[in-house]
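Residues per chain, in single letters:
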Amino acid sequence: MTAPDPRVIQLVMSLRGSGVTDRLVLAAIERTPRDIFVPDRFLDHAFDDRALPIDCGQTISQPLIVGLMTQLLQVDDRCKVLEIGTGSGYQAAILARLARRVYTIERYRTLAKEAEARFAALRLTNITPRIGDGTKGWPEQAPFDRIIVTAGAPVRPDTLLAQLKPGGIAVIPVNNDRGSQTLVRYIKTDSDTLDEEAVMDVRFVPLVEGETKAL
Ligand code: SAH
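Residues numbered from 1 in each chain as written. Predicted model: local features only at pLDDT ≥ 70, side-chain atom pairs only at ≥ 80, totals over all residues. Heavy atoms only, no water.

Visitor: How do you make sense of the overall build of the chain when you look at a structure like this?
Guide: Helices and strands together make up the secondary structure of the chain, namely six helices and nine strands. The globule rule puts the C-alpha radius of gyration for 215 residues at 17 Å, and the 16 Å found for the chain is close to it. Taking all 215 residues of the chain together, the buried fraction comes to 50%. Sequence separation of at least 24 residues holds for 54% of the intrachain contacts in the chain that already meet a minimum separation of 6. By element, 50% of the accessible surface of the chain is carried by carbon and sulfur atoms, the whole surface being about 10400 Å². (Helix = DSSP H or I, 4+ residues; strand = E, 2+ residues; numbered from the N terminus. Rg over C-alpha atoms; globule rule 2.2 N^0.38 Å. Buried < 20%, exposed > 50% of the residue type's maximum accessible area, 1.4 Å probe, protein only. Contact = heavy atoms within 4.5 Å. Areas by Shrake-Rupley, 256 points an atom, 1.4 Å probe, with all protein chains shown as cover.)

Here you go:
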């Protein structure tokens, strides 16, 4: 083991001060070098607590939001997790340290391929990436114990919530009338009851329905 990067330690301390208190989540963040997920031109900012641009006009989420969403999801090593919006792969990599298996869908091939290479470099063998329209979920692998969407859904994504197991938890940003999204935590208490709790306002790139022809 090499000593952790002091910039990671500082980031973790700042997240703890801002409400990420789950020790396993903090440990997962500490073990996941964010610098390999950001474009070279932003390397100096890789450990800042801010979202950064990635290819295809998308963003890697702010570490605080990654930490809070992961904590809200209450993932353990028995969980089969679905993520919509692989992006850089950073959120998926953190989930992979906590979950049994992570299925992640991205509509841009370029991003999906780059993320896949990062998972291999970090030897994260329990992530299954796919290119496609995440709004449909992953019916062949459903149901899931946990679902996380890292793009702003225009309305409550019922197709995805139908793929959640009874007892399962989903964390999803849903557009509100303030021009941002409300981060909502859904808990499926039994097969046809969904509790929902608004957590905070967040700002994600949009969840876009359909395949993309772009690279
Ligand atoms: N979790 C990412 C954040 C990526 S930003 C990270 O840690 O870096 C959100 C991503 O969702 C973008 O890459 C965008 O292309 C993707 N996305 C938007 N709509 C989608 C859809 N319908 N299916 C799959 N991915 C989608």
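Resuming the write-up.
Visitor: In this structure, what is going on with the site of the ligand? I would like to understand it.
Guide: Ser88, Glu106, Asp133, Gly134 and Val208 are the nearest of the 27 residues found near the ligand. Glutamine 91 is positioned such that a nitrogen or oxygen atom in its backbone is 3.1 Å from an oxygen atom of the ligand. At 2.7 Å, a backbone N or O of glycine 134 approaches a nitrogen atom of the ligand. The fraction of the free accessible surface of the ligand (580 Å²) that becomes covered by protein chains is 99%. Judged by the fraction of its atoms near the pocket grid, the ligand is located in the largest pocket. Breaking the shell around the ligand down by element, the ones donating at least two residues are β2 (59-60), α4 (90-96) and β4 (101-106). (Near = heavy atom within 4 Å. Polar contact = N/O pair within 3.5 Å; in protein donor to acceptor, adjacent residues only side chain to side chain. 1 Å grid on protein atoms, 1.4 Å probe; cavity = no way out; pocket = protein on both sides within 12 Å on 5 of 7 lines; lining within 4 Å. Sits in = over half its atoms within 2 Å of the grid points.)

Visitor: Honestly, the pattern of salt bridges in this entry has me stumped. Any pointers?
Guide: Pairing is possible between side chains of opposite charge, provided their charged atoms come close. For the coordinates displayed, the defined rule picks out 11 salt bridges. Residue arginine 156 pairs with aspartate 158 through a salt bridge whose shortest N-O separation is 2.8 Å. By relative accessible area, which is 43% here, aspartate 158 ends up partly exposed. The structure contains a network of salt bridges with shared partners spanning Arg156, Asp158 and Glu196. (Salt bridge = Lys/Arg side-chain N within 4 Å of Asp/Glu carboxyl O.)

Visitor: Is there a simple way to think about the packing of aromatic side chains in this case?
Guide: The geometry of two aromatic rings is summed up by the distance between their centres and the angle between their planes. If you walk through the whole model with that rule in mind, you get three aromatic pairs. When the ring of phenylalanine 37 is compared with that of tyrosine 90, the centres are 5.5 Å apart and the planes differ by 65°; the resulting orientation is edge-to-face. You can see phenylalanine 37 sitting in the loop between α2 (23-30) and β1 (52-53) and its partner tyrosine 90 sitting in helix α4, a full 53 residues away along the chain. Each member of the pair, phenylalanine 37 as well as tyrosine 90, carries the same accessibility label: buried. Geometrically, the ring pair formed by tyrosine 103 and phenylalanine 144 is edge-to-face, given 5.9 Å between the ring centres and 65° between the ring planes. Of this pair, tyrosine 103 sits in strand β4 while phenylalanine 144 sits in strand β6 (residues 144-149); the two residues are 41 residues apart in sequence, bridging distant segments of the chain. A single burial state applies to tyrosine 103 and to phenylalanine 144, both of which are buried. Three or more aromatic residues link up through ring pairs in this structure, and these residues are Tyr103, Trp138 and Phe144. Residue placement shows arginine 34 over the ring face of tyrosine 90; its charged tip is 5.6 Å from the ring centre. Over the face of the ring belonging to tyrosine 108 we find arginine 107, whose NZ or CZ atom lies 5.5 Å from the ring centre. (Phe/Tyr/Trp six-rings, centres within 6.5 Å; stacked < 30°, edge-to-face > 60°. Lys NZ or Arg CZ within 6 Å of the ring centre and 35° of its normal.)

Visitor: So what exactly am I meant to see when it comes to the layout of surface pockets here?
Guide: Sizing a probe to match a water molecule and rolling it over the atoms shows the empty space that remains. In this model, the largest pocket occupies a volume close to 530 Å³. Lining the largest pocket are 36 residues, and of these Thr59, Gly85, Thr150, Ala151 and Val205 lie nearest its centre. For the lining of the largest pocket, the secondary-structure elements that each account for two or more residues are β2, α3 (63-73), β3 (80-84), α4 and β4. Class assignment for the residues of the lining of the largest pocket results in 16 nonpolar, 15 polar and five charged. (Points joined across faces, edges and corners; volume = space filled by probe spheres on them. Nonpolar A, V, L, I, M, F, W, Y, C, P; charged D, E, K, R; others polar.)

Worth remembering: the numbers are spatial, not functional.
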